[in-house]
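One letter stands for each residue in the lines below.
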Amino acid sequence: MLGLVPGAKPEQDTHALGLGEITSHPWVFKCMGRRYSARRCDGAVVIQDITDITRPFHLGRAEPDAGSLWRVHTPRGLLAGRTGGTLNAIAVLREATQPPRIT
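Description of the structure in this document. This structure is a prediction, so every number in the text was calculated from the model and none was measured.

Quick look at the side chain of T74
Here's step 1: The topology assignment puts T74 in the loop between β5 (70–73) and β6 (79–83).
Here's step 2: Contacts of T74, omitting those with residues within four sequence positions, involve L59, G60, A80, L93 and A96.

Observations concerning the sheet that holds β6
Pairing between sheet strands relies on hydrogen bonds along the backbone, with the strands arranged either parallel or antiparallel.
Here's step 1: The strand order across the open sheet built from six strands is β1-β2-β3-β4-β5-β6, with neighbouring strands paired in antiparallel fashion. Lying at the two open borders of the sheet, with one neighbouring strand each, are β1 (27–31) and β6. For this sheet, the mean inter-axis angle between neighbouring strands, taken without regard to orientation, is 25°.

What to know about the pattern of salt bridges
Here's step 1: Evaluation of the coordinates by the stated rule reveals five salt bridges.
Here's step 2: Measuring nitrogen to oxygen at the nearest pair gives 2.7 Å for the salt bridge that ties R34 to D49. Of the two residues, R34 is situated in strand β2 (residues 34–41) and D49 in strand β3 (residues 44–49); the sequence distance between them amounts to 15 residues.
Here's step 3: Using a relative accessible area of 27% as the deciding quantity, one classes R34 as partly exposed.
Here's step 4: Of the residues examined, D49 reaches a relative accessible area of 3% and is grouped as buried.

Calculation rules
- Residues numbered from 1 in each chain as written.
- Predicted model: local features only at pLDDT ≥ 70, side-chain atom pairs only at ≥ 80, totals over all residues.
- Heavy atoms only, no water.
- Helix = DSSP H or I, 4+ residues; strand = E, 2+ residues; numbered from the N terminus.
- Contact = heavy atoms within 4.5 Å.
- Pairing = 2+ DSSP bridges.
- Axes fitted to C-alpha atoms, helices over the stretch in contact; angles between N-to-C directions.
- Salt bridge = Lys/Arg side-chain N within 4 Å of Asp/Glu carboxyl O.
- Buried < 20%, exposed > 50% of the residue type's maximum accessible area, 1.4 Å probe, protein only.

This is how it looks when you write it as C-alpha cells:
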C-alpha cells in the first residue's frame, strides 16, 4: 500500500485506500495525472480510467486472494499482479494495458 497522503499529519488518520475498503459506490482516484474509478461489483473491484468522461476505459478488476492480497486481472483475464492497495492496483493495470512509450 502507498503511505500517507503527502502533507497529511498522522493524527488526521489519512491512509491509502485498500481494495477491501471499496464499496459499490464508485471511488474516484487521481494517479499519474489521470482519474480512475473503482467500485465493488459481484465480489470484485472494477477499475476504469475516467479521465475522458465521454470514453471511460476499462482497465481491469481485482478479486480477493489469500490473506489480505487481491489478484489484479487485465480486461482479457491475464494476471497483472497481486496487491492490497487501490493505487498499486491502478498502477499495475495501467502498465499492463498501456505500456510506457519509448522515445
